[in-house]
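The lines below spell out each chain.
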Amino acid sequence: MKVTAFARTKQGSGASRRLRTAGQTPGIVYGGTEAPIAIALDHNALYHALKKEVFHSSILSLDMDGKTQQVVLRDFQMHAHKQIVLHIDFQRVSAKEKITLKVPVRLLNADDSPAVRLNNGIITQILNDVEVSCLPKDLPEFLELDLSDMEIDTTVHLSALPLPEGVSLTVQEDQDDQALAVSSVPRDYVEPVSDEESPDEAAGDEESPGEAAGEEDSEA
């Protein structure tokens, strides 16, 4: 994705407030061998870009004063009560240095799994994204996990997530092998009765104590 920015010379809370009044969002670009640069971006374009998943998990081309540099989104602040982007941070990336970034996880074929198709279960996704480490050229837009073989009452862990070549997970030591998705039977699920015999038919086949006693009296 391309992002257009403008260098700004005036900084401070007053200057940032004037930028926002003019429909712009203050930000900063840092990292690499160059010094940090204060920037401004069109607020409306930025606001709509932030709604896109790819904007958060891919290498962005930042165009500023005719010069393009590769960056990733590192942070942004929103107004507590209004749909206003207050500030945004970008980090420069080098083609030769690994970066860490969160990428989305997509679950595939959940409805075709035995857990759902045969047992009327539900599959709950525990982690919507994971942090990976790789060179910029190897950064995936998202990761996919096929759940077509998932059974009921089972858990799929991070270790089952296929990773592209050159990509690794940055898992903390205390996180171990985290749960990625779990399958379970809904609490209000009622197991269907077999077509061979309904509950009413089964009850009708049983003799009541009164009927049994009546038969004995008639035989006597």
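In what follows, the structure referred to is the one given above.
Conventions and cut-offs
Residues numbered from 1 in each chain as written. Predicted model: local features only at pLDDT ≥ 70, side-chain atom pairs only at ≥ 80, totals over all residues. Heavy atoms only, no water. Helix = DSSP H or I, 4+ residues; strand = E, 2+ residues; numbered from the N terminus. Buried < 20%, exposed > 50% of the residue type's maximum accessible area, 1.4 Å probe, protein only. Areas by Shrake-Rupley, 256 points an atom, 1.4 Å probe, with all protein chains shown as cover. Phe/Tyr/Trp six-rings, centres within 6.5 Å; stacked < 30°, edge-to-face > 60°. Lys NZ or Arg CZ within 6 Å of the ring centre and 35° of its normal. Pairing = 2+ DSSP bridges. Axes fitted to C-alpha atoms, helices over the stretch in contact; angles between N-to-C directions. Core = buried A, V, L, I, M, F, W, Y, C linked by side-chain atoms within 4.5 Å. Contact = heavy atoms within 4.5 Å. Salt bridge = Lys/Arg side-chain N within 4 Å of Asp/Glu carboxyl O. Lys, Arg positive; Asp, Glu negative; His and termini not counted. Polar contact = N/O pair within 3.5 Å; in protein donor to acceptor, adjacent residues only side chain to side chain.

K.L.:
Can you walk me through the overall build of the protein in this structure?
P.N.:
Scanning the protein for helices and strands turns up 6 helices and 13 strands. A total of 220 residues make up the protein; the buried ones form 32% of that total. When the accessible surface of the protein is totalled, it reaches about 14000 Å², and 47% of it is carbon and sulfur.

K.L.:
Sorry, what's going on with the packing of aromatic side chains here?
P.N.:
The relation between two aromatic rings is expressed through the spacing of the ring centres and the mutual angle of the planes. Throughout the structure, instances matching the rule amount to 1 aromatic pair. Ring geometry for Phe55 versus Phe90: centroids 6.5 Å apart, planes at 85°, classification edge-to-face. Remark: Phe90 occurs in strand β6 (residues 85-92) and Phe55 occurs in helix α3 (residues 53-56); sequence separation between them is 35 residues. You'll find Phe55 and Phe90 in the same group, each marked buried. One Lys or Arg, Arg106, reaches over the ring of Phe142 and ends 3.8 Å from the middle of that ring.

K.L.:
Would you mind showing me how to read the sheet that holds strand β13 (residues 179-184) here?
P.N.:
Strand pairing in a sheet relies on backbone hydrogen bonds, with the paired strands running either antiparallel or parallel. Taken in spatial order, the 3 strands line up as β8-β13-β11 in an open sheet, and their pairing is antiparallel. Two strands in the sheet have a free side with no partner beyond their single neighbour: β8 (122-125) and β11 (155-157). When strand polarity is set aside, the average angle formed by the axes of neighbouring strands in this sheet is 15°.

K.L.:
Looking at this structure, how should I read the nonpolar core?
P.N.:
General note: in soluble globular proteins, nonpolar side chains tend to be found buried as a group. Membership of the largest hydrophobic core comes to 24 residues, with the highest contact counts inside it found for Val130, Val132, Leu139, Leu161 and Leu180. Looking at this core, the elements with two or more residues in it are β7 (99-108), β9 (129-134), β10 (143-146) and β13. Here this core gets 4 residues from one element, more than from any other, and that element is β7. Ignoring sequence-local partners within four residues, the contact set of Val130 consists of Leu101, Lys102, Val103, Val105, Leu143, Leu158, Leu161 and Leu169. One finds Val29, Leu50, Phe55 and Leu73 within the second-largest nonpolar core, a separate group that totals 18 residues.

K.L.:
Please explain the pattern of salt bridges as it appears in this structure.
P.N.:
It is possible for side chains of opposite charge to pair when their charged atoms get near one another. One pass over the full model with this rule turns up 3 salt bridges. The salt bridge partner of Arg106 is Glu53, with a shortest N-O separation of 3.0 Å. Of this pair, Arg106 sits in strand β7 while Glu53 sits in helix α3; the two residues are 53 residues apart in sequence, bridging distant segments of the chain. Since its relative accessible area comes to 33%, Arg106 is described here as partly exposed. Glu53 sits in the partly exposed class, given a relative accessible area of 40%.

K.L.:
What is the right way to look at the sheet that holds β9 in this model?
P.N.:
Here we have 4 strands laid out as an open sheet, ordered β10-β7-β9-β12, and mixed in their pairing. If you trace the sheet from one side to the other, it starts and ends with β10 and β12 (168-169), each paired once.

K.L.:
Explain helix α1 (residues 13-21) here, please?
P.N.:
Each turn of an α-helix holds 3.6 residues, which means side chains three or four residues apart point in the same direction. Along α1, the residues classified as buried are Gly14, Ala15, Ser16 and Leu19. Among the structural elements, β2 (24-30) and β3 (37-42) are those in contact with the buried residues of α1. Two residues or fewer after α1 comes Gly23, characterised by a positive phi angle close to 85°.

K.L.:
How should the side chain of Arg92 be read in this particular structure?
P.N.:
On the secondary structure map, Arg92 appears in strand β6. Put simply, Arg92 is tucked away with no salt bridge, and the nearest opposite charge, on Glu34, sits 4.1 Å away. At 2.8 Å, the side chain of Arg92 forms a polar contact with the backbone oxygen of Ala35. Apart from the residues lying within four places of it in its own chain, the contact partners of Arg92 are Val29, Tyr30, Gly31, Glu34, Ala35, Pro36, Ile37, Gln69, Gln70 and Val71.

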